[in-house]
Amino acid sequence: MNRLLPEHERNWLGEVISGEGLVLSRSRQGVDERRLIDAALLRSAEALRLDADSARLREAYDRPGTLAARDKAYPINGPVSLVEAVMELGRRGIEITRYKGLGEMNPEQLWETTLDPEARSLLQVKISHADSAEETFSTLMGDLVEPRRDFIQSNALNVANLDV
């Protein structure tokens, strides 16, 4: 697993535990992670077939691949680097502009993004868990640092799309 990850995340350790299987674990930013590949899976026909083909598989997948697109070659070391390369390719020629509010836009941008009936989408937002939303908002926006830090630490690894 460490070969597939960026260098700053390569701290997985493996341990065989009799009767359980293979345990992969690491500590990242103060959060412990543990993954188990159970013994039954390791003894399965598929796993035994992969083990028998390990030399051929290692030959094919042990070195980085390359994604050649347009005028550039991207080294691919695993799924993460493949996604990053594809995302970079997708962003070429696109300009992303962020605004705090509609008042910061010039009239042309306001028409393109918000007022043009052909381009806009109107969504109705309903709050079915108002108490929970209020509690989360107070935790994140309140004056107390400790609850905010606890919330961020306990949810940090669950973030799928963070806009910074």
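These numbers come from a predicted model, not from an experiment.

Criteria and thresholds
Residues numbered from 1 in each chain as written. Predicted model: local features only at pLDDT ≥ 70, side-chain atom pairs only at ≥ 80, totals over all residues. Heavy atoms only, no water. Salt bridge = Lys/Arg side-chain N within 4 Å of Asp/Glu carboxyl O. Buried < 20%, exposed > 50% of the residue type's maximum accessible area, 1.4 Å probe, protein only. Helix = DSSP H or I, 4+ residues; strand = E, 2+ residues; numbered from the N terminus. Axes fitted to C-alpha atoms, helices over the stretch in contact; angles between N-to-C directions. Parallel < 35°, antiparallel > 145°, perpendicular 65-115°, else oblique. Contact = heavy atoms within 4.5 Å. Nonpolar A, V, L, I, M, F, W, Y, C, P; charged D, E, K, R; others polar.

Asks: For this particular structure, what's the right way to read the pattern of salt bridges?
Replies: Once the charged atoms of two side chains with opposite charge are near each other, the side chains can pair. Counted according to the given criterion, the structure contains 7 salt bridges. As a salt-bridge pair, Arg26 and Glu33 come within 2.8 Å of each other at their nearest N and O atoms. Neither Arg26 nor Glu33 differs from the other in exposure class; each is buried. Here Arg149 makes a salt bridge to Glu146, at a shortest N to O gap of 2.8 Å.

Asks: What should I look at first to understand the environment of Val159 in this one?
Replies: Relative to the helices and strands, Val159 resides in the segment after α7 (145-155). Among the residues examined, Val159 registers a relative accessible area of 46% and is labelled partly exposed. For the pair formed by Val159 and Arg43, sequence separation is 116 residues and the distance between their alpha carbons is 34 Å.

Asks: Any chance you could explain the packing of helix α6 (residues 130-141) against α7 here in plain terms?
Replies: Pairs of packed helices are described in terms of their axes, by the angle between the two and the distance that separates them. Contact geometry for α6 and α7: axes closest at 7 Å, N-to-C directions at 110°. One element, α6, and the other, α7, form an angle in the roughly perpendicular class. Two secondary-structure elements touch here, α6 through Thr136, Thr139, Leu140 and Met141 and α7 through Pro147, Arg148 and Phe151. In the contact of α6 with α7, the residues fall into 4 nonpolar, 2 polar and 1 charged.

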